[in-house]
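Take a look at the letters that make up each chain.
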Amino acid sequence: MSYVSVQHLQKSYAGTTVFSDINCEIQKGEFVTLLGPSGCGKSTLLRCIAGLTSVDGGKILLEGVDLVPMSPQKRGIGMVFQSYALFPNMTVEQNVAFGLRMQKVNADDSQKRVTEVLSLVELNDFAARYPHQLSGGQCQRVALARSLVTRPRLLLLDEPLSALDARIRKHLREQIRQIQRELGLTTIFVTHDQEEALTMSDRIFLMNQGKIVQSGDAETLYTAPVDVFAAGFIGNYNLLDPASASKLLQRPISHRIAIRPEAIELSLNGELDAQVRSHSLLGNVIRYRIEARGVELVVDVLNRSAADLHPDGQRLALSIDPTALREVA
Amino acid sequence: MNAMTRGKWLAALCLVPFVLFFIVFEIAPLVWVMINSLQSEEFGWGIANFTKIFKSKFYMQAIQYSLEISFWSSVFGIIISVLGAYSLRRVDSKLRNFVNAFANMTSNFAGVPLAFAFIILLGFNGSFTIMLKQAGIIQDFNLYSKTGVIILYTYFQIPLGVLLLYPAFDALREDWRESAELLGANSWQFWRHIGLPVLTPALLGTFVILLANALGAYATVYALTTGNFNVMPIRIAAMVSGDISLDPNLASALAVVLVALMTLVTIVHQLLLKRSYHVSR
Amino acid sequence: MSRVELGPVGVYHRVVVYLLFAILLLPLAGTLIYSIASNWSATILPSGFTFKWYIQLWSDPRFLHAFGQSLLVCVGALILSVVLILPLLFVVHYHFPKLDALMNILILLPFAVPPVVSSVGLLQLYGSGPFAMVGTPWILIGCYFTIALPFMYRAITNNLQAINLRDLMDAAQLLGASTWQAAFLVVLPNLRKGLMVALLLSFSFLFGEFVFANILVGTRYETLQVYLNNMRNSSGHFTSALVISYFFFVLVLTWAANILNKDKSE
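The notes below deal with the structure included here. Every value quoted in this text rests on a predicted model; they were computed, and no experiment measured them.

As for the overall build of chain B
Alright, step 1. Counting its secondary structure elements, chain B contains 12 helices and 2 strands.
Alright, step 2. Over its C-alpha trace chain B gives a radius of gyration of 24 Å, far above what one expects of a compact globule, namely 19 Å for 281 residues.
Alright, step 3. Along the three orthogonal principal directions, the C-alpha set of chain B runs to about 80 × 70 × 35 Å.
Alright, step 4. Taking all contacts inside chain B whose residues are at least 6 apart in sequence as the whole, residues at least 24 apart take part in 73%.

As structure tokens, then:
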């Protein structure tokens, strides 16, 4: 039996349906990401699991027990918010100890557990500070510590890194994943950033307009998107309609094709029927906009040496690995 | 550069009429009051006026009544305002906007009209008095007593309190509530540990404003009792507007005491604020 | 942030709000009923209804005189305020922005110092001698200006900050306008709504002012509030009609201000 099981969940807000029939299963100790554009329902789903938003129909089973009739206080779920939600009138230590206080844990045990979890997030020296004295990254680590100290059965993270700058985000990503593995904590992570989803998760649920469009591990979602939306959301797929695909591959194609930009090779040998329109340097990758046989393509080339740099207007030969051609709905 | 500095001098000139009027109608009277509180007909310069006030049972009673009425009306006023403002935030927007606008409008009702309205309803022959007497809830209600005045004052504190506290709830973020819930806190625990502490600066600030508002109020109690109730503003006015005892210097001294009390309250408020935590802006 | 609650909690909030509304409504409602009752003494409900009190009121020349005088003083004070405060605001925000902090303290004075206290000084300073103004509408206009000052300063300051005065002026001047032209053609039109709202609200407040009116001029220049107080010994029905008429007038003004306000924030 799955650790978490969402069955036929329905939710409507003020006349509009957010989702009408969501189903998913999560195993114990898994790190799962709900990925999707703004408004796809991922945050709402998370809040339903937490009990912060009511549900119109369906069940949410945690260890076999339906959470829907339970109040948030009793669910044993920890949650980290995008805005940290640290209590401004309490120190870091008091914030973290709050959940233990509500559980009526005695002072000694509480102190021990707080110190333990603060060293997990490397913030022992900040125990006496107030939230307004901390940086964004530090606040988020306190929020994480606060939700972990109560030993929740399930950890929810609602876009916790979106408000932080890039460097801190990368660092925290690793830290969260590491802690999660150490504790073996079942975790659901919500984000709209595909890079985050791909690097952190065991499994990803890709959502769009209230439906789970595709679920699977990072590799599967990246190399085998199931439809146009998935291909457009993850990676930088070249999406070609049948007519363009036929022109490019010079044989009749009857369905849409998605091609990953790194699956197209450029060289100066062979039929030079492609031309560089523009390029941009993305650090270790050069992204070219190419026109080949009347079709526009994006091609990513690893920036290994000067030989890989082609000026605008350069004529090139294209070669595409046939296994990299994906049919999409 | 000359054109610029000339421009600035011209601009400064534009300020002169304003400054003039402000001095004439706001600063000068204040200064006069402060200076003349220390002048007495019999004793010349000195604190004679103040000693007279603090030795007189009559004036001390005025101060005491002022403080009592202001304190109680502000306490009741703020409790009702907090509950009202909080619930106001949680109802649908049509009802909210309507009641908000209505509260704004009724704040204009204060003063003489309010006193008259209360006399109609709660005076000796007021319909409310009769209703409550018939229901056996009260024996004998005197609107013109201290209790009656407190009720009246509480009434006009409410719109002001609601107006001031309504935006204060902006500081209370919804995700604090949600976080607390997930950590196991029920409603009462949330308010006790997080909600009320966070609101405290706003609550204190509003309380101080209500206190100052009540201390300086003149129109309502004057209209209610035709100037026969012993509170500081009435005493001050009586000593300068041709009633029995004309003594502008003594009036000035009492006025200084009134302003000093209001200042004291503000200082205490600032001190209390510093004690409580600080939320960074 | 304010989400609508359903269920028992939602009901509690609704009940509280209705209670609040009822408390605020009661004196007003009582007065209204009294003003249209033919007789209501020592009973819970009045015995009959009539409009005769309103007719009596609106045909009383003393009432109309007082109403007119109130209008005159309030409008006069507001005109004075506009003439003094607009240039002040412009100069402070454009030329001397550091003065804004000082101004914010100064405008606290009319709030911090109750009108009773000011009256003591005003009576002594301007009661006789070269600056005698007591008993005339002029002193009222001056005092009302100080009352309106905080409202108007704050409202228009917020407006000015919202429209980013410096940038507007700079842009206008780069396009060839002189400082005066820029102020009149560019800045002023953008202040119109904020100014209107501030004026309407100040007017409502001033119209209900009693302290200065009673102590400084009293019956020598009878404003509406003083007239109301002086009529206390006439029939309660009459004074109720008076109160309701006054309140209705103020209601229309605040309602107009509300509409303008909402219009502005779109």
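Considerations on the interface of chain A and chain B
Alright, step 1. Listed per partner, the contact involves 20 residues of chain A and 18 residues of chain B.
Alright, step 2. Among the secondary structure elements, those contributing two or more residues to the side of chain A that touches chain B are strand S6 (77–80) and helix H2 (92–102) of chain A.
Alright, step 3. The residue makeup of the side of chain A that touches chain B, split by class, is 12 nonpolar, 8 polar and no charged.

A look at the interface of chain C and chain B
Alright, step 1. Each partner contributes to the interface: chain C provides 67 residues, whereas chain B provides 66 residues.
Alright, step 2. Residue composition of the side of chain C that touches chain B, grouped by class: 42 nonpolar, 23 polar and 2 charged.

Let's talk about the sheet that holds strand S2 (residues 16–26) of chain A
Residue and element names in this part refer to chain A.
Alright, step 1. The 4 strands are arranged S2-S1-S4-S5 in an open sheet whose pairing can be described as antiparallel. Two strands close off the open sheet at either side, each with one partner strand: S2 and strand S5 (65–66).
Alright, step 2. Across 2 bridges, the pairing between strand S4 (residues 57–62) and S5 is antiparallel. Bridge pairing in S5 places Leu61 opposite Asp66.

Quick word on the sheet that holds strand S12 (residues 256–259) of chain A
All names here are of chain A.
Alright, step 1. Strand order in this open sheet of 3 strands is S11-S12-S18, and the pairing throughout is antiparallel. Single-partner strands in this sheet number two, and they are strand S11 (238–240) and strand S18 (325–328). Across the sheet, the mean angle from the axis of one strand to that of its neighbour is 30°, orientation sign disregarded.
Alright, step 2. As judged from the 4 bridges shared by S12 and S18, these two strands associate in the antiparallel manner. In the strand pairing of S18, Ile257 is matched with Glu327.

Digging into unusual backbone geometry
Residue and element names in this part refer to chain A.
Alright, step 1. Positive phi values are uncommon outside glycine, yet Ala14 reaches one of about 45°.
Alright, step 2. In this structure, Ala14 sits in the loop between strand S1 (4–13) and S2.
Alright, step 3. The exposure class of Ala14 is exposed, given the 5 C-beta atoms found within 10 Å.
Alright, step 4. At Glu159, a residue that is not glycine, the phi angle is positive and equals roughly 45°.
Alright, step 5. For Glu159, the location among the structural elements is in the loop between strand S7 (154–158) and helix H5 (166–183).

Description of the packing of helix H7 (residues 137–163) of chain C against helix H9 (residues 179–207) of chain C
Residues and elements named next belong to chain C.
Alright, step 1. Contact pair H7 / H9: the axes reach a minimum separation of 9 Å and the direction vectors enclose 155°. With respect to H9, the element H7 is oriented roughly antiparallel. Remark: the crossing between H7 and H9 carries right-handed chirality. Across the interface between the two elements, Tyr144, Ile147, Ala148, Phe151, Met152, Ala155, Ile156, Asn159 and Ile163 from H7 touch Asn190, Leu191, Gly194, Leu195, Val197, Ala198, Leu201, Ser202, Phe205 and Leu206 from H9.
Alright, step 2. Residue composition of the contact of H7 with H9, grouped by class: 15 nonpolar, 4 polar and no charged.

A short note on the packing of helix H3 (residues 57–89) of chain B against helix H1 (residues 7–36) of chain C
Each pair of packed helices can be summarised by the angle the axes make with each other and by the distance between the axes.
Alright, step 1. Packing of H3 of chain B against H1 of chain C leaves a shortest axis separation of 8 Å and a crossing angle of 125°. Between H3 of chain B and H1 of chain C, the angle is such that the two are oblique. At the point where H3 of chain B passes H1 of chain C, the crossing takes the left-handed sense. Judged by residue contacts, Leu83, Gly84, Ser87 and Leu88 of chain B of H3 of chain B engage His13, Val16, Val17 and Leu20 of chain C from H1 of chain C.
Alright, step 2. Its residues assigned to classes, the contact of H3 of chain B with H1 of chain C comprises 5 nonpolar, 3 polar and no charged.

Quick notes on the environment of Leu121 of chain B
Alright, step 1. Looking at the element boundaries, Leu121 of chain B is found in helix H5 (residues 112–122).
Alright, step 2. Expressed as a C-alpha distance, the spacing of Leu121 of chain B and Pro29 of chain B, which sit 92 residues apart in the sequence, is 39 Å.
Alright, step 3. If we skip the residues at most four places from it in the chain, Leu121 of chain B touches Gly126, Ser127 and Phe128 of chain B together with Leu26, Pro27 and Gly30 of chain C.

Observations concerning the arrangement of the chains
Alright, step 1. Counting contacts across all 2 pairs of chains that touch, the top-ranked interface belongs to chains B and C.
Alright, step 2. Between chain A and chain C there is no contact; the minimum C-alpha to C-alpha separation amounts to 11 Å.

What counts as what
Residues numbered from 1 in each chain as written. Chains lettered and ligands numbered in written order. Predicted model: local features only at pLDDT ≥ 70, side-chain atom pairs only at ≥ 80, totals over all residues. Helix = DSSP H or I, 4+ residues; strand = E, 2+ residues; numbered from the N terminus. Rg over C-alpha atoms; globule rule 2.2 N^0.38 Å. Contact = placed C-beta atoms within 7 Å. Nonpolar A, V, L, I, M, F, W, Y, C, P; charged D, E, K, R; others polar. Pairing = 2+ DSSP bridges. Axes fitted to C-alpha atoms, helices over the stretch in contact; angles between N-to-C directions. Buried ≥ 20, exposed ≤ 12 C-beta atoms within 10 Å, placed from the backbone. Parallel < 35°, antiparallel > 145°, perpendicular 65-115°, else oblique. Left-handed = near helix turned anticlockwise from the far one by under 90°.

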